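# Residue-level structure breakdown
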Amino acid sequence: MPRLTLALGTIALTLASQATLAQDTPDGKWHGGLSVSGALASGNSSSRTLAANADASVATAEDKLSLYGIANYGRNKNAGVDTTTADLLRLGGRYDFNLGPQWFSFGGAEGETNKAGGVRDRYSLNGGAGYHLVKDDANSWDVFSGLGYTATRLTDGSEANGAQVLFGEESSHKISETTTLKQRLVYYPGGGDLGNRATFDAGLATQIIAGWTLNAGLSSRYTGHVPAGTKKTDNLLTVGFGYKF
C-alpha cells in the first residue's frame, strides 16, 4: 500500500493558494504564494507533520515563467523510538514560449530530495513542445512531450543517470466565480536503472470571503526504481486556508 501523509490545516498559515494554483493571467505580473499547514499529536505516541507549498508565475502573451517548491516533513515517536516518516523537498521551474496560437516550446529544471522515499537527491533538465487543446477564459488544457536528462542517487548508495522521455498534460478550470481547479500529470518512461516515474498534482481553491480561500491539494509520486524495502508511491494530501491574489 502507498504511504499517505494527511496534513490538516490545524496549524495553517497560508499567504496564498496551493502551489498548483498559481495564476496564468497574461498581465506580465507575478502571481503565486505560500501555503503552510501541519498537525501535532501527543499521548501514548506523538507525531508532528509540516507541509509547505510555494509557487510564483509571470505570464505574457508571448511566454510564461513558473517557479515552484514543495516540502513535507513528518516525525513519529512511539515507545521512545523516533521515526522520520517524511522529509521531502522539491524545487523547480519551467519556461514556456509560445510558437503560435496553439503550439509552445518549454524548458525546465527540477531538484529533489526524499530520503524517506529512498531518494538521496535527484536532478533533472528537460525541454520539448506542447499544444493548447483548450484555451479560453474559463478552461485551459495542454498536452506536452519532451526529452530530458535525470541524475539520481538513492539512499542505498546506488546511482541512476541518463536520458528520459516525458509525456504530460495539465489543465485549469474555473468551476464557478469562486472556485478554481488545476491538475497536472507527467509520465517519465525510463529504461535500465532509471525506471519509470510518474507525478500528479491537483489543487482546488474556493473563495470564502474577500481574497481568502479554502484550499485542498493532492500530490502523488511514483518511482519504479527504489531501494529494497521502500514503497514506490508517496502521496501528500493537504487541507487549509489561503489567500489568493
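The structure this text deals with has already been given above.
Residues numbered from 1 in each chain as written. Predicted model: local features only at pLDDT ≥ 70, side-chain atom pairs only at ≥ 80, totals over all residues. Heavy atoms only, no water.

### As for the nonpolar core
When a protein is soluble and globular, its nonpolar side chains tend to lie buried together. In this structure, Phe104, Phe106, Phe144, Leu166, Val186 and Tyr188 together form the largest nonpolar core, which totals six residues. Sorting the residues of this core by element identifies β7 (103–114) and β11 (179–188) as the ones contributing at least two each. Among all residues touching Leu166, those that are not within four sequence positions of it are Phe106, Asn126, Phe144, Ser145, Gly146, Val186, Tyr187 and Tyr188. (Core = buried A, V, L, I, M, F, W, Y, C linked by side-chain atoms within 4.5 Å. Buried < 20%, exposed > 50% of the residue type's maximum accessible area, 1.4 Å probe, protein only. Helix = DSSP H or I, 4+ residues; strand = E, 2+ residues; numbered from the N terminus. Contact = heavy atoms within 4.5 Å.)

### Structural notes on the packing of aromatic side chains
Within this structure, the stated rule accounts for two aromatic pairs. Their ring planes at 65 degrees and their centres at 4.9 Å tell us that Trp103 and Tyr131 sit as a pair that is edge-to-face. Pair noted here: Trp103 is in strand β7 and Tyr131 is in strand β8 (residues 119–135), with a separation of 28 residues, a long-range link. For the ring pair Phe106 and Phe144, a centre distance of 5.7 Å and an interplane angle of 75 degrees mean the geometry is edge-to-face. Placement of the pair is Phe106 in strand β7 and Phe144 in strand β9 (residues 139–154), with a sequence separation of 38 residues. Of the residues examined, Phe106 reaches a relative accessible area of 7% and is grouped as buried. A cation sits over an aromatic face here: Arg94 above Phe144, 4.9 Å from the ring centre. One Lys or Arg, Arg197, reaches over the ring of Tyr188 and ends 4.3 Å from the middle of that ring. (Phe/Tyr/Trp six-rings, centres within 6.5 Å; stacked < 30°, edge-to-face > 60°. Lys NZ or Arg CZ within 6 Å of the ring centre and 35° of its normal.)

### Description of the pattern of salt bridges
Scanning the model with the defined rule gives eight salt bridges in all. Between Asp121 and Arg153 there is a salt bridge, and its shortest N-O distance comes to 2.5 Å. Of this pair, Asp121 sits in strand β8 while Arg153 is found in strand β9, placing the two residues 32 residues apart along the sequence. The exposure class of Asp121 is buried, given its relative accessible area of 10%. (Salt bridge = Lys/Arg side-chain N within 4 Å of Asp/Glu carboxyl O.)

### Considering a nonpolar patch on the surface
A cluster of nonpolar side chains, Ile208, Ile209, Trp212, Leu214, Leu218, Leu237, Val239, Phe241 and Tyr243, forms an exposed patch at the surface whose accessible area comes to about 790 Å². By residue number, the principal contributor to the nonpolar patch is strand β14 (residues 233–243), which donates four residues. If you trace the backbone, Tyr243 turns up in strand β14. On the basis of relative accessibility, which here comes to 34%, the residue Tyr243 falls in the partly exposed class. (Patch = residues over 30% accessible without salt bridge, like charges linked within 9 Å, V, L, I, M, F, W, Y side chains within 5 Å. Areas by Shrake-Rupley, 256 points an atom, 1.4 Å probe, with all protein chains shown as cover.)

### Description of the pairing of strand β6 (residues 81–98)
Two elements, strand β5 (residues 63–78) and β6, share 16 bridges in a ladder whose sense is antiparallel. In the strand pairing of β6, Ser66 is matched with Arg94. Hairpin connection between β5 and β6: a loop of two residues separates the two successive antiparallel strands, and Ala79 in this loop has a positive phi of roughly 55 degrees. The pairing of β6 with β7 spans 11 bridges and is antiparallel. Bridge pairing in β7 links Gly93 to Ala109. Where β6 hands over to β7, the hairpin turn is made up of four residues, counted between the paired strands. (Pairing = 2+ DSSP bridges.)

### Quick notes on the pairing of strand β10 (residues 159–174)
Two elements, β9 and β10, share 15 bridges in a ladder whose sense is antiparallel. Looking at the pairing, Leu147 lines up with Val165 of β10. The antiparallel hairpin formed by β9 and β10 contains four residues in its connecting segment, where Gly157 sits at a positive phi of about 95 degrees. In sequence, β10 turns back onto β11 through a hairpin of four residues.

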